[in-house]
Amino acid sequence: MPAHIISIGECMVELARTTDDAFRLAYGGDTFNTAVYLARLADVPVAYATALGADPYSDAIVAIAEENRVGTELIVRAENRMPGLYLIETEAGERTFWYWRETAPARDYLRLADRARLAEAFASAQFIYLSGITLSLYDASAREELGALIDGARKAGTRVVMDSNFRPRGWPGDRDATRKVFADFWQRADIALPTFDDEQALWDEQDPKETLSRIVDGGASTVVVKLGDNGALGWSGNNASLSVPCPETLEPVDTTAAGDSFNAGFLAAHIAGQDLEESISFAHDVAAAVIQHRGAIVPKAATAPLAERLRATA
């Protein structure tokens, strides 16, 4: 069955330091996390597009996708390659990441994948989901290829959803050139889900309303600016912007995938027909559930009540 939502990016091996200085093995990556939570929450097919190796850790990533009903038909397997790795250290719920991913096959996905098949899949999808981290994986030529694939899909009616996830280490060099890449892809976004801290770091903006206005001016029809503990600022169509606070302040166990799960919750609620405020509120609830557990992909039991709640309101 064709995927209604295609998420594109990278999934990595995750090592998280525990209290006894051991390391817990898991897997994650921003757009992969969102794909998993979307598949749990939304009653539409979700697929992940990436390149992995031909090794046991890549096998484990595919198994997690399949266990969570994420389609793997767009995953390419590369011989003699291995997925990237990241290490998490967490203190008071906040995390620091260290990466080993320079030779990961996900960086060559657009060269390894069958372009005709990918173009057909993109054009038949309801949504394509990507992030600034997705863009940082590719060189200029591959980003141009991705842009062309997205432009073709949009002409066929596919809508694009994008998160900022700007990470300075992924964008060495000219800041103006980085801004141009982001601006080009924000202009392709129908639904924009930026995090203000990321946008502030890249664009030196001092107010979330500046971020919202810039992305609206680029052509997005729906924008939600994530503000962490301060909730979110949303806009859709010609309506006035609205501020949606977090329902409660929680002490996080681990904030990994907070934004990724928020995005999944928002898009799942949007697909289910909820309005902007309802979709943002549901997204807050999904993120709140996720940050009460360790790791990027939390147990299904943590998100199952939210999935049931959303289905009951559809």
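Our structure's up above, just so we're on the same page.
Residues numbered from 1 in each chain as written. Predicted model: local features only at pLDDT ≥ 70, side-chain atom pairs only at ≥ 80, totals over all residues. Heavy atoms only, no water.

### A look at the overall build of the protein
Now for step 1: From N to C terminus, the protein includes 12 helices and 14 strands.
Now for step 2: Along the longest, intermediate and shortest principal axes, the C-alpha atoms of the protein span 55 × 50 × 40 Å.
Now for step 3: Burial status across the protein gives 54% buried among its 314 residues.
Now for step 4: Long-range contacts, defined as pairs at least 24 residues apart, comprise 70% of the intrachain contacts of the protein with a sequence gap of at least 6.
Now for step 5: If you average the places of the 29 positive and of the 46 negative side-chain charges in the protein, the two averages end up 3 Å apart. (Helix = DSSP H or I, 4+ residues; strand = E, 2+ residues; numbered from the N terminus. Buried < 20%, exposed > 50% of the residue type's maximum accessible area, 1.4 Å probe, protein only. Contact = heavy atoms within 4.5 Å. Lys, Arg positive; Asp, Glu negative; His and termini not counted. Charge placed at Lys NZ, Arg CZ, Asp CG, Glu CD.)

### Some details on the environment of Asp 108
Now for step 1: Secondary-structure assignment places Asp 108 in the loop between strand 8 (94-100) and helix 3 (109-112).
Now for step 2: Of note is the side chain of Asp 108, whose polar atom sits 2.9 Å from the side chain of Arg 81. (Polar contact = N/O pair within 3.5 Å; in protein donor to acceptor, adjacent residues only side chain to side chain.)

### A closer look at unusual backbone geometry
Now for step 1: A positive phi angle is found at Asp 21, which is not glycine, with a value near 65 degrees.
Now for step 2: As for its placement among the helices and strands, Asp 21 is situated in the loop between strand 2 (12-17) and strand 3 (23-28).

### A word on helix 11 (residues 276-290)
Now for step 1: Taking 1.5 Å of rise per residue, 15 residues should cover 21 Å, and helix 11 covers 21 Å from first to last C-alpha, within 8% of that figure.
Now for step 2: By the criterion of burial, helix 11 is predominantly enclosed, with 11 of the 15 residues buried.
Now for step 3: Taken residue by residue, helix 11 has Leu 276, Ser 279, Ile 280, Phe 282, Ala 283, His 284, Val 286, Ala 287, Ala 288, Ala 289 and Val 290 as its buried positions.
Now for step 4: Of the surrounding elements, those touching the buried residues of helix 11 are helix 1 (30-41), strand 12 (222-226), strand 13 (232-236), strand 14 (242-244), helix 10 (258-271) and helix 12 (300-313).
Now for step 5: Its side-chain oxygen placed 3.3 Å from the backbone nitrogen of Glu 277, Asp 275 serves as the N-cap of helix 11. (Expected span 1.5 Å × (residues − 1).)

That is the geometry; function is a separate question.
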